[in-house]
Structure formats: C-alpha cells, structure tokens
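# Notes for the structure review
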Amino acid sequence: MTSDTLTDSTEFRTIPLGINGEVFPSGVNAALRRPLAPESKPVGLVERVTLLPAWKPTRFKVPTFSLTFAAGLEFVPPKPAKEEEAGELFQVQAPAPLISMPTGGDAPPPTKKKATRLKPPPEALSIEDRLFYVLQPPLESFLRGQELVMPFEPFPYQYEGIAWLFSQTAALLADEMGLGKTMQTITAIRLLLRSGQVRRILLICPKPLIPNWQREFKTWAEEIPVTVMEGDGARRRMLWNMPGVPVLIANYELMTRDMEEMPEAERPKFDLLVLDDAQRVKNRGSRTAETARGINRRRAWALTGTPIENRPEEMSSLFEFLQVIPPEGTPDVRQLMNLSSRFVLRRTKNLVMTDLPPRFDRDEYLLLNPAQQHAYNAAEKEGIIQLNEMGDSITIQHVFELVLRLKQISNYDPLTGESAKMDRLMADMEEIAASGGKAILFSQWTKCIDWIKLKMDEKLPEAGSLVYHGGVPTKQREPILKQFKEDPNSHLLLMSYGTGAVGLNLQFAGYVFLFDRWWNPAVEDQAINRAHRIGQKTQVIVTKFISKDTVEEKIDKVLNEKRELFAQILGGGEQTNASLSLNASEIFGLFDLKARAGKGVKSIAPPKAA
Amino acid sequence: MAETGKSDGLRLGFLTSLSLGERGFVGGLLVTNHMGRPLEFQCTAPVRPNRTQEILYGPTLGPFLLGDVIGRTLIEKATVKPTLVLVEVPQLLELRAQTSIPIACLESTDLKAEDAVRFPADALRLRLGMQSLVFASDFEDDLEAIRGKANLVPKEADLSEPFGRVRDALQETVAANAA
C-alpha cells in the first residue's frame, strides 16, 4: 500500500458538529456556534513503509583459547634383541595378557578396557598446566601396543602409580617392596621424556643397584639411553654436564663427592632428580642428605619401601629433600599425615596383590645344641658380670657388643662348630635340593655366611651353595646371580642383609631362610621380598631361625610389639615393615642388668624416652 | 612441533561442545596424532544466542551454534590442521560444506540404545580403530583419502575416548573462568 492509494481511497464528508454554547454571567460566550469544516490535501510520506525488520544472519565473532603441546623427545627405535640376550633379562611377568589384535574381518572388535587418566596436581594453578594433564590420553592406550611398547601389561595399581608420579613435582613413592617401584618410575620417566616435560634426569641409587637399574631400563624402556656415572674425575666432570644424556645414573658416594668438589656455578641442573633407596637421606644433617638437597632440579622423586625406619623425623628429612617443607622444618604428626596424603603414595601387597602367591612365615624356635648352650651360658654370665662391674660408666656400646657375641654363638659355637640352626638348615635344604627348589638365606655376618658355605659344601654339596655378600667383588656378583637363576644344580644363595636385601629380583626362589635376625624388621622384609615379589609363581616359605631362651627370642618379642607404631603416619593398610628398631633403653632391657651403688640396687638402663 | 610439518601423517580432530545452560555453549577441538597424543587444543569462550536467534533458528539452533559458529571458528583457528575432524552429532556433518577438511561422525556401537546415532544403510562408512565412521554424503573423496591412512590407527584405539578429554578440558576452562 502506497501513499497515493491511501489518498485516493479516502472518503471525506462534512460533519455538522452542533456545539451548544453557554453564556456565562460575565457575558462571555464560551463557544462559537459555527460548524467545523475539516479539509484534506495529499501529503507525501517521508519514507516507504516497510513491515519486515532489516535482519539477516551474521557470523558471531567468538573469542578462542589455544594450547599447543610441546614435542617430546624422539628416540631411535631399539634394535631387536637377540634371543640369547633376551634370555638374560629378569623379566617381570604380569598375569594379564596384552590385548589381542583381531586379524581377520570376522574377529570380534576389541572391547574397551579400564582407562587410567592423568589428573592435574593440586599445585597446578594455571589453566595451561591443568589442561596439559587433562588432555593426555589414558595411560593404557598411551602405553599398550602403541607408541610405548611395554614388555608386560602393568597391574592396575601400577598404572595408578605411574599416573601419580607423572603429575607430581614432589613425590615419595613408598610402595612396599616387590610392588614394582622401579618399573613405575621408569615408565613415568619414559612418559615425561616422551611428552617433552623433562629432558635431563639424574637417578641416584646405591652402587650395587646400578646394574639392576640398567637391566630394568633395558626391559621397560629400551629406547632410552642410560649413562652411568663412572670413571676418573675428568670423565665424571664431563659426564655431569654433558648435553643429550636423558638419564644419568650415579651412586650416592660419587654424587656426594663430585657435587662437593664442583664449584656451585658449574653444578649441573636437572629436570628430575630421583633418589632410590631414599632412606639414605633420612638423617638430614648427613653430607649425603645435604648434597642431595642442594642439587638443582625442577622435580624430585624419592623411592623407598621403608619411609620410616626408626623415627618420624626421618619423614621430615625426606620431605625436606622434596622441598615441600622449609629447611629444618619440624612438622608434627598431624602435619606429617597431611603431607603424606599429598606427597606420599604407599600401597602394600595385602591391598593390591590379591593374586600374588601367599607368603608363609615360619618362626622356628630351636634349642641350642649342648656345646652351644654351654658356650652361650658362659659368655652371657661373663658378659653380664663385666657389665655390672663397669657400674655407671657402662654405655650402650658395651651392651651391644655382648648382644652381638651372644647372637653369634646362637648361630654356631665357634669352638666346636655345633649349630642347631645349621642342622635344621641342612635337613630343609636336602629336601629343597631334591625337589629342585631354590632358596635364599640371609645372615648378618659375612663370616657366618662363609662358614655356612663351608659346611654345606662339606656335608651337602648337592645344594650347590653360592655366596653373595659385600666381600664378593662387584664384577663377580652378576654372574653369581645368573648362575643361581639358571644352573639347575644351584639351590642355595647365601646373602648378607647389607648386600642382598635391596633391589634384587629373585622371584624364582620359593624359600627364604633368615639364619639370624636383623635389628629392624623393615630390613628383614626387604630381604624376604627379594623372592616374594611380582613374578613369583609359587608360595614363598619364610623360615626365621630363633634360638630359644636366648637374646634372639627377647629381641624378636620386642620388635613384634612395635610393628604398628607408625601406621598412623602412613595411613591405612597393614604396615608390615614400618617399624622401629631397638632403641637404647630396649637394648639395656635385654639383660637384667643391675649396678650396685651403696646399699640399694639401681637399674643401669637409661630412663625411657618420654 | 614435529607433527605439524608432516603431511603424510594422520592428525585427528575431535570436535564437541558443552552446554552451560543459560550461559550458552562452549566448544572444543582437540587435535591429536594418530595415536591419540595431543598436539593442540582450541576452545571457545561461551557462546550465547540472543532471543531473536533462538526464535528464528528453533530446533536448528544447536547445530547452527556448534557447526557454523563454534566448529568453523575452531577449525579455522587451529594452527595444527587436522587431517580428519570427528564429531558425535550427525548434523555437524554439514560443517563439511564450510571447510576443506574431511568431517566424519562416529556411529554408535550400540545401535539399540535410545540415544544411538543411526545412519542410512548406504551412508559412506569407514572403520577406524574400534569405531565405524560415517562421512558427509557427496564427499566420497574424503572417505577414500582417509581410507589410505586408516592403517595408522591401531585397531584397539577407542576414538570415542578423546571426546571425554575435550569435555573434561572444557569443564576445566569453565571452572577457571568462573573462579
């Protein structure tokens, strides 16, 4: 409709509008009595009339946020291992087979498996940091049969451990021995290297464990070059700062010495520092602990199956190494619990390894042989008299020496060679050797180990005894382990707690003998777990020899009473190896030691700690 | 980035969105290599339609926002260009008309499920990893181009999984902005 048509079609009429006017008293006529005469004329409209709004779809301008991921390190694929080389590996066998790959068109499609997702750590505040973790693929698909070939399928709890380590800048992995701390650490390192998060890693471990780490790296991350810190000073200086070395392994002693000698400006920087057997830094005032704390790093992980061996303060030292408490910080028990929940991951076999063959502990209380008993009584009587004669000048060292002497006699009488433990061991080993089994034996003394070896070779040569202790040169140790594993005629490996208790994989041995007892059950458990670990196919029978009515029985009783004292710090689960060793008061208490002072009698034992 | 320069590789883009109720939608695109390793992530600020758009687009508003607005923007802004963009909603296949990158939709593995995505029997299908993909009709060349690289993706790869990662990442960004 236009303005023209509007005008044309309009009809106009004159309408008489009779308005009655009234005359007010003032004489004013209020209205004019004249008709309205409206007129019309065409008026052009200013604009054309439009009834639709002027709208058409427009494109939004949307702000966006982007995140680009760093490229990881590319490694040269490893050459396929020769069959004979592969046979040398101590491989950890996992129960679950790798996911099957359908080959034919009719094969059923693979089913979805459990996914372990990486979680951003609580301290990751920036959105970029958090998204980095959220957007990573589940570990299972990351690892399994894809870019990172795993020789065996990890257990679900191991996936969790790997994911946890990957996210932590400070971590104390305190899994019980035998749960695969090494494998979890190597795989987490592998993922960090692959994702470009780290490029230089320093791993510190006890010297005897270096071959073990090399072997495990070869098994779990064959493509990662591993360099061991060794050689003379010049070579080591070169190695410390050599670029392009993703993983550097050094022992504690070399690390301490070289770092102390190096000017601060020349000290190397690492993206990740890993301490294996981290209880080595439990004494925060030690040179080792101070040096380890001073190493320049962006991330720090500590590995130990026994985060507390004696005192809660040891945890403080570990947390100080991890730089999660200030220097010389002394958190109380509640604070330690909070720190543990955030920075410590600890799983026990009871919780996670429901399919690990059981371990049977057998405490063998043996009566000493007559000659042995005679020697024991004489030594005890003489020792106590001497201690009492010393009066107030007695120290714990004096008592300790007596304990050691009595423990040695409980093992065997040096004069006559009589030994109730040896008799029992001989009987057990005869049966084990006949059935083709393998056993490992631990003792506190290398001298005792050599004596057992002598006796076994003499009376039971078919046991094929081998010796592995600190007196054996390092180069000869690996061949001994290899022989024990592969030689069907080798049935017994005699080891010292100090050398054989940590890091070795002896899961093909079904029997463990503790010929004498260590002061701390944590060390005993470490020793037992050489055999009772992942890959063990049969039950493990642990025989602990305890000479009846001797100091051994008393020590055993005290230690058993103290096993759960630190459970609250480390949280739930059965703390089978977080326990105390004997303190001074308890060592004094092993004997009914009294010192005469005037008329009365007073105990020479120091007062118990509050 | 090592992956960006490779023209012969297979980079997968996973495009999805998250409804924020009255605050609109956010969209995310995760570009991964053929093994699912992330290369780049792009996401949008919340996009909220006005009342006119709600009335005029009606039931097509969702696909319009996710496709024309969010999807197209994200694909254009990606510096690591995907070889194939995967979506979960069939309507988003129309996005193919606005980009040169092949688009494919994941077909539901459980077709009996209520929310199963169903396509005609003669749709352009390709099996990739554990999933069946459906390509936009009229783009047969896309299917052939991707078929040549399909062997790069492991058969056990679950292509629906990265969408969960994108949704989690979008939740993180929304939470970060709300804080």
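As a reminder, the structure under discussion sits directly above these lines.
Just so it is clear, the model here is predicted, and its values are computed rather than measured.

### What to know about the side chain of A:Thr256
Residue and element names in this part refer to chain A. Relative to the helices and strands, Thr-256 resides in helix 9 (residues 252–261). One polar contact links the side chain of Thr-256 to the main-chain carbonyl oxygen of Tyr-252, over a distance of 2.8 Å. Look past the residues within four positions of Thr-256 in its chain and what remains in contact with it is Arg-287, Thr-288 and Thr-291.

### Examining the sheet that holds strand 7 (residues 296–303) of chain A
Sheet strands associate in pairs through backbone hydrogen bonding, adopting either a parallel or an antiparallel arrangement. Residue and element names in this part refer to chain A. Sheet architecture is open: 7 strands sit in the order 4-5-3-6-7-2-8, paired in parallel fashion. In this open sheet, the two strands that pair with only one neighbour each are strand 4 (226–228) and strand 8 (344–345). Sheet topology places strand 4 next to strand 5 (residues 247–251); 3 bridges connect them, and they run parallel. In the strand pairing of strand 5, Val-226 is matched with Val-247. Contacting strand 3 (201–205), strand 4, strand 5 and strand 7, helix 7 (residues 210–220) crosses the sheet at an angle of about 160 degrees to strand 5. Sheet strands touched by helix 11 (residues 313–321): strand 2 (170–173), strand 6 (269–275), strand 7 and strand 8. Its angle to strand 7, the strand with the most contacts, is close to 150 degrees.

### Re the side chain of A:Asn505
All names here are of chain A. Here Asn-505 shows up in the loop between helix 19 (497–500) and strand 13 (511–514). Only 2.9 Å separates the side chain of Asn-505 from the side chain of Glu-216, close enough to count as a polar contact. Polar contacts involving the side chain of Asn-505 include one to the side chain of Arg-533, which spans 2.9 Å.

### Concerning the pattern of salt bridges
Residue and element names in this part refer to chain A. For the structure on display, the rule yields 32 salt bridges over all chains. A salt bridge links Asp-361 to Arg-359; its shortest N-O distance comes to 2.7 Å. Overall, the relative accessible area of 40% leaves Asp-361 in the partly exposed class. Salt bridges linked by common partners bring Arg-359, Asp-361, Asp-525 and Lys-544 together as one network.

### Here we look at the interface of chain B and chain A
Taken together, the contact between chain B and chain A spans 48 residues of the former and 37 residues of the latter. Carbon and sulfur atoms make up 62% of the surface buried where chain B meets chain A, a total of about 3,600 Å² over both sides. Among the residues of chain B in contact with chain A, B:Arg37, B:Glu156 and B:Glu172 are the three that bury the most area, contributing 18% of the side total. At the junction of chain B and chain A, the tally comes to 2 salt bridges. For the interface between chain B and chain A, the tally reads 8 residue pairs in polar contact (both at pLDDT 80 or more). Residue assignment for the side of chain B that touches chain A shows that the elements contributing at least two residues are strand 3 (38–44), helix 1 (51–57), helix 2 (61–77) and helix 4 (161–178) of chain B. Classifying every residue of the side of chain B that touches chain A gives 22 nonpolar, 11 polar and 15 charged.

### Topic: the packing of aromatic side chains
Aromatic rings in a pair are described by how distant their centres are and how their planes are angled relative to each other. Residues and elements named next belong to chain A. By the definition in use, this model includes 15 aromatic pairs over all chains. With a centroid separation of 5.2 Å and 85 degrees between ring planes, the pair formed by Phe-132 and Tyr-133 is classed as edge-to-face. Both residues of the pair, Phe-132 and Tyr-133, belong to the buried class. With a centroid separation of 6.5 Å and an interplanar angle of 75 degrees, the aromatic rings of Trp-240 and Phe-270 are classed as edge-to-face. Of this pair, Trp-240 sits in helix 8 (residues 233–240) while Phe-270 is found in strand 6, placing the two residues 30 residues apart along the sequence.

### As for the sheet that holds strand 13 of chain A
Residues and elements named next belong to chain A. The 6 strands are arranged 9-14-13-10-12-11 in an open sheet whose pairing can be described as parallel. The sheet is open, and its two edges are formed by strand 9 (359–366) and strand 11 (465–468), each paired on a single side. Strand-to-strand twist of the sheet, defined as the mean angle between neighbouring strand axes without regard to direction, takes the value 20 degrees. Of the strand pairs in this sheet, strand 11 and strand 12 (residues 492–496) are connected by 4 bridges, and their pairing is parallel. The residue of strand 12 that forms the bridge with Val-467 is Leu-494. The strands touched by helix 18 (residues 474–486) within the sheet are strand 10 (439–443), strand 11 and strand 12, with strand 11 carrying the most contacts at an inclination of about 150 degrees. Its contacts with the sheet put helix 20 (residues 521–528) on strand 9, strand 10, strand 13 and strand 14 (540–547), and the angle it makes with strand 13 is roughly 150 degrees.

### Observations regarding unusual backbone geometry
All names here are of chain A. A positive phi angle, near 65 degrees, is found at Glu-328, a position not held by glycine. For Glu-328, the position within the fold is in the loop between helix 11 and helix 12 (333–343). Among the residues examined, Glu-328 registers a relative accessible area of 55% and is labelled exposed. The phi dihedral of Asp-549 is positive, around 55 degrees, even though this residue is not glycine. Here Asp-549 lies in the loop between strand 14 and helix 21 (551–561).

### A short note on the pairing of strand 2 of chain A
All names here are of chain A. Residues Ala-170 and Leu-172 line one face of strand 2 and the alternating positions Ala-171 and Leu-173 line the opposite face, and both faces are buried. One ladder, built from 4 bridges, connects strand 2 with strand 7; its direction is parallel. Bridging from a neighbouring strand, Leu-172 pairs with Ala-302 of strand 7.

### Points about the environment of B:Ser108
Note on placement: B:Ser108 falls in the loop between strand 5 (103–107) and strand 6 (124–128). Sequence separation of B:Ser108 and B:Leu133 is 25 residues, and the distance between their C-alpha atoms is 9.2 Å.

### A closer look at the packing of helix 3 (residues 127–134) of chain A against helix 4 of chain B
Two elements in contact, helix 3 of chain A and helix 4 of chain B, have axes whose closest approach is 9 Å; the angle formed by their N-to-C orientations is 160 degrees. Classified by the interaxial angle, the pair formed by helix 3 of chain A and helix 4 of chain B is roughly antiparallel. In the packing of helix 3 of chain A onto helix 4 of chain B, the handedness of the crossing is right-handed. For the pair helix 3 of chain A and helix 4 of chain B, contact is made by A:Ile127, A:Arg130, A:Leu131 and A:Val134 and by B:Arg165, B:Asp168, B:Ala169, B:Glu172, B:Thr173 and B:Ala176, respectively.

### Side note on helix 12 of chain A
Residues and elements named next belong to chain A. Those residues of helix 12 that fall on the buried side of the exposure criterion are Leu-336, Leu-339, Ser-340 and Phe-343. One face of helix 12 carries all of its buried residues, which in axial projection span an arc of 105 degrees. The exposed residues of helix 12 that point more than 90 degrees off its buried face are Arg-334, Asn-338 and Ser-341. In this structure Asp-332 caps helix 12, since a side-chain oxygen of it lies 3.2 Å from the backbone nitrogen of Arg-334.

The rules behind the values
- Residues numbered from 1 in each chain as written.
- Chains lettered and ligands numbered in written order.
- Predicted model: local features only at pLDDT ≥ 70, side-chain atom pairs only at ≥ 80, totals over all residues.
- Heavy atoms only, no water.
- Helix = DSSP H or I, 4+ residues; strand = E, 2+ residues; numbered from the N terminus.
- Polar contact = N/O pair within 3.5 Å; in protein donor to acceptor, adjacent residues only side chain to side chain.
- Contact = heavy atoms within 4.5 Å.
- Pairing = 2+ DSSP bridges.
- Axes fitted to C-alpha atoms, helices over the stretch in contact; angles between N-to-C directions.
- Salt bridge = Lys/Arg side-chain N within 4 Å of Asp/Glu carboxyl O.
- Buried < 20%, exposed > 50% of the residue type's maximum accessible area, 1.4 Å probe, protein only.
- Buried area = accessible area lost by both parts, 1.4 Å probe.
- Nonpolar A, V, L, I, M, F, W, Y, C, P; charged D, E, K, R; others polar.
- Phe/Tyr/Trp six-rings, centres within 6.5 Å; stacked < 30°, edge-to-face > 60°.
- Parallel < 35°, antiparallel > 145°, perpendicular 65-115°, else oblique.
- Left-handed = near helix turned anticlockwise from the far one by under 90°.
- Arc of directions from axis to C-beta.

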